[in-house]
Structure formats: C-alpha cells, structure tokens
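What follows is the residue order along each chain.
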Amino acid sequence: MKLVLAFLLAVTTLSQQVTCTTLRLSYKAIFNFGDGLSDTGNLVILSPTALYIGNPPYGETYFNRPTGRASNGRLVVDFIAQSIPLPLAPPYLAKGQDFSKGANFAVTRATALDLKFYLDNNIIPTGLALLNTSLSVQLGWFANLMPSLCNTTDECNLYFSNSLFLLGSIGFSDYTTMLTAGKTVDYVNSKVPDIVCSITSAATSLLDQGVQHMVVPGVVPLGCIPRILTVYGSPNASDYDSIGCLQRYNNISQYHNKMVRDAVKQLQIEFPKAVISYADYYEPITKFLATPRIYGE
Ligand SMILES: *[C@@H]1O[C@H](CO)[C@@H](O)[C@H](O)[C@H]1NC(C)=O
Ligand SMILES: *[C@@H]1O[C@H](CO)[C@@H](O)[C@H](O)[C@H]1NC(C)=O
Ligand SMILES: *[C@@H]1O[C@H](CO)[C@@H](O)[C@H](O)[C@H]1NC(C)=O
Ligand SMILES: *[C@@H]1O[C@H](CO)[C@@H](O)[C@H](O)[C@H]1NC(C)=O
C-alpha cells in the first residue's frame, strides 16, 4: 500500500507539473530538502543496515534495484528533474558526486524541528532511532556545498536565478515521531505552528541568499496513511471520513497545510521578485483513495 501510494503520488504530481504555468523548464539545477517522500538515498547512506528501504522490492519498477527511495519507482522530485530535464539530483551524502546540476538533502524520517527539541522534551519514539537530519541540518549541508557551486555574490545570484528549490515535504515525520512517542493529537496540533515556523525560517534563509524559484509543499493526509490506519484504527465508524481515513489525524495535516499556504502568501509579499509556490500533496491522495480505478489501481 505504501509503495503504491508513493508511486501514484509521483505520477499525478507529474501530470500537474506539466500544466503548471509557474514551472520554467529551463532550470540548470534542482535542490531538494525534505523527508522520505523525496529522499533519493541519504538515509541508506547514513544508516546502511537500519532500514528496509535498502532492500527489494524497493526500486523494482524503475531502477531495478533498491536505491534508498521509499518507493518501488521514482519520486516526485525525480519526475520533476526528468521533466526539466535534469539528471536525478544525487543524494548529498553520496560524496564525490557531481552536484553542479543539483543535490538532494532529504532524509527519510527527517523532521522540521531540531533533534534538540525531541531530546529536551523527552519525545522518544519506541523502536525508532531519532536522527539528527532536521531541516536546519540539511540547510547546513547546503551551506557546506555552496562554495563548490558558486563563490562571488554575482556568481551565486546567477546560479540561484537558474535553480529550482524544493522545500519539503517536511513535517510529516515530526507528527509521526510525536504520535509514535505516545503524544496525543491535541499535543501534536499544538506543535503545528512551531513546525511551520521552522519551514518558514528555512525558506526565508534561502530566499535571503538569493533563491528565486521555490516550491513549498504541504504534507499528505496523515489519517490516510497505512501506518496510522493500522496503529490507531477505531471500532467506531464515525471516526472515519467518507473515504476511510481517520478524521482526527487528517485534521493535523489540514491545519499544517493551511498554515503553510498562509506562510507562502506572506513570503510572496516579503520577496516579490521570487516565484514561491505551494504544492499540494493532500488532495491528490484523497482522490486516489476515493477513485483508485481512475488512477490505475
Ligand atoms: C545535530 O547536528 C548539528 C550540525 O551538525 C549540530 O550542530 C547539533 O549539535 C546536533 N544536535 C544534536 C542534538 O546532537
Ligand atoms: C570557489 O573557491 C574554492 C576555493 O578557492 C574553489 O575550490 C571552488 O572550486 C570555487 N568554486 C567555484 C564554483 O568556482
Ligand atoms: C462513536 O463516536 C461518536 C462521536 O465521537 C460518539 O458520539 C459515539 O458515542 C461513539 N460510539 C461508540 C460506540 O463509541
Ligand atoms: C476536524 O477539524 C474540524 C474543523 O477544524 C472540526 O470541526 C472537527 O471537529 C475536527 N474533527 C476531529 C475528529 O477532530
């Protein structure tokens, strides 16, 4: 189910991308930050034995081998790169790669909030190691890479003006980490503003450095993902919406996405020369679930 979801998501976002008027098809590089929805291999490099995604059937429909993507095929970020076209952005932790046409800093299970927040608040998910790969750590990796991409301000402005930056999806793993650690839905909802604030800070930092083309995606409907449906399944039919998702958990995603959309509007005002777009990961998934036949089930 998870594999199928990731694959379907990629396909639908591709078709939306093709008709998207703000996507310039002349980018010279693509940079991505995020979690498992867009990790093209960083977690497996960081922790080679820890994860199932380094094993078949992951990768079987496109790469014919596990690549560290949490999918049987390509991810949204891969489809975007191919539609430009650019090479698939290599995972940053794969040292010795050519990053001049892009790099992918996303790490499966990466959080928007720093590891320090989780340690300070004693939020320790059972059975999962916490990672120090948060959004700010990923921005630090980008800062380390920068001198190999451009040095002078003019050089960097030119380079950035021709690059596409994807900031997310991220936040999903914050919510699943908190829930897995036993936090209540009310607690999780109370942290949504902090999580969105960390995304906004990352966006502001990149835009301050001269980034001109940025996409900030929201999160998927939490209440529709197989793990949440399995762990928090309810005997009470009224806890589910019309397509079988858990409404309480979907509400977290809806709240998050509304705040991200508002933040993007604010960033558009603050950085009028930049093209900043919100990307929706929520509606496509509800459509797949409502009418899977149309999407190739
Ligand atoms: C996580 O990594 C960053 C950057 O390498 C470091 O500054 C920070 O102290 C680390 N956090 C923890 C809690 O270890
Ligand atoms: C920037 O300067 C460093 C140190 O001189 C050099 O190694 C690097 O190749 C330069 N980067 C570019 C893009 O020219
Ligand atoms: C199911 O949930 C509804 C709404 O929360 C509640 O009113 C009802 O009592 C619940 N039914 C059972 C059997 O728990
Ligand atoms: C979901 O959010 C809506 C609007 O914010 C609220 O009316 C509803 O009670 C929430 N549902 C659940 C199950 O939390």
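Residues numbered from 1 in each chain as written. Chains lettered and ligands numbered in written order. Predicted model: local features only at pLDDT ≥ 70, side-chain atom pairs only at ≥ 80, totals over all residues. Heavy atoms only, no water.

The chain goes by GDSL esterase/lipase in an unreviewed UniProt entry, where it is assigned to Rhynchospora pubera. UniProt annotates the chain under Sequence similarities (unreviewed entry) with the comment "Belongs to the 'GDSL' lipolytic enzyme family." (UniProt positions renumbered as here; feature names shortened; annotations may be inferred.)

### Re the packing of helix 8 (residues 185–208) against helix 10 (residues 247–270)
Across the interface, helix 8 lies against helix 10 with an axial gap of 10 Å and an inter-helix angle of 30 degrees. Between helix 8 and helix 10, the interaxial angle falls into the category roughly parallel. Like other packed secondary-structure pairs, helix 8 and helix 10 cross with a definite hand, here right-handed. In contact with Val185, Val188, Asn189, Val192, Pro193, Ile195, Val196, Ile199, Thr200, Ala203, Thr204 and Leu207 of helix 8, helix 10 contributes Arg248, Tyr249, Asn251, Ile252, Tyr255, His256, Met259, Val260, Ala263 and Leu267. Its residues placed into classes, the contact of helix 8 with helix 10 shows 16 nonpolar, five polar and one charged. (Axes fitted to C-alpha atoms, helices over the stretch in contact; angles between N-to-C directions. Helix = DSSP H or I, 4+ residues; strand = E, 2+ residues; numbered from the N terminus. Parallel < 35°, antiparallel > 145°, perpendicular 65-115°, else oblique. Left-handed = near helix turned anticlockwise from the far one by under 90°. Contact = heavy atoms within 4.5 Å. Nonpolar A, V, L, I, M, F, W, Y, C, P; charged D, E, K, R; others polar.)

### Side note on helix 5 (residues 135–145)
Burial in helix 5 covers these residues: Leu135, Gln138, Leu139, Trp141, Phe142 and Leu145. Seen along its axis, helix 5 keeps its buried residues to an arc of 155 degrees; they face one direction. Along its buried surface, helix 5 packs onto strand 1 (29–33), strand 2 (102–104), helix 6 (153–161), strand 3 (163–167) and helix 8. (Buried < 20%, exposed > 50% of the residue type's maximum accessible area, 1.4 Å probe, protein only. Arc of directions from axis to C-beta.)

### With respect to the site of ligand 2
Neighbouring ligand 2 are the residues Pro147, Ser148, Leu149, Cys150, Asn151 and Glu155. Backbone polar atom of Pro147 to a nitrogen atom of ligand 2: 2.8 Å apart, as the coordinates give it. Within the side chain of Asn151, an N or O atom sits 2.4 Å from an oxygen atom of ligand 2. Coverage of ligand 2 by the protein amounts to 36% of the 360 Å² it exposes when considered alone. (Near = heavy atom within 4 Å. Polar contact = N/O pair within 3.5 Å; in protein donor to acceptor, adjacent residues only side chain to side chain. Areas by Shrake-Rupley, 256 points an atom, 1.4 Å probe, with all protein chains shown as cover.)

### Focus on the sheet that holds strand 2
Spatially, the five strands line up as an open sheet ordered 2-1-3-4-5, and their pairing is parallel. Two strands in the sheet have a free side with no partner beyond their single neighbour: strand 2 and strand 5 (275–279). Strand-to-strand twist across the sheet, computed as the mean angle between neighbouring axes with direction ignored, equals 15 degrees. Along the sheet face, helix 3 (residues 76–83) touches strand 1, strand 2 and strand 3 and points at about 170 degrees away from the line of strand 1. (Pairing = 2+ DSSP bridges.)

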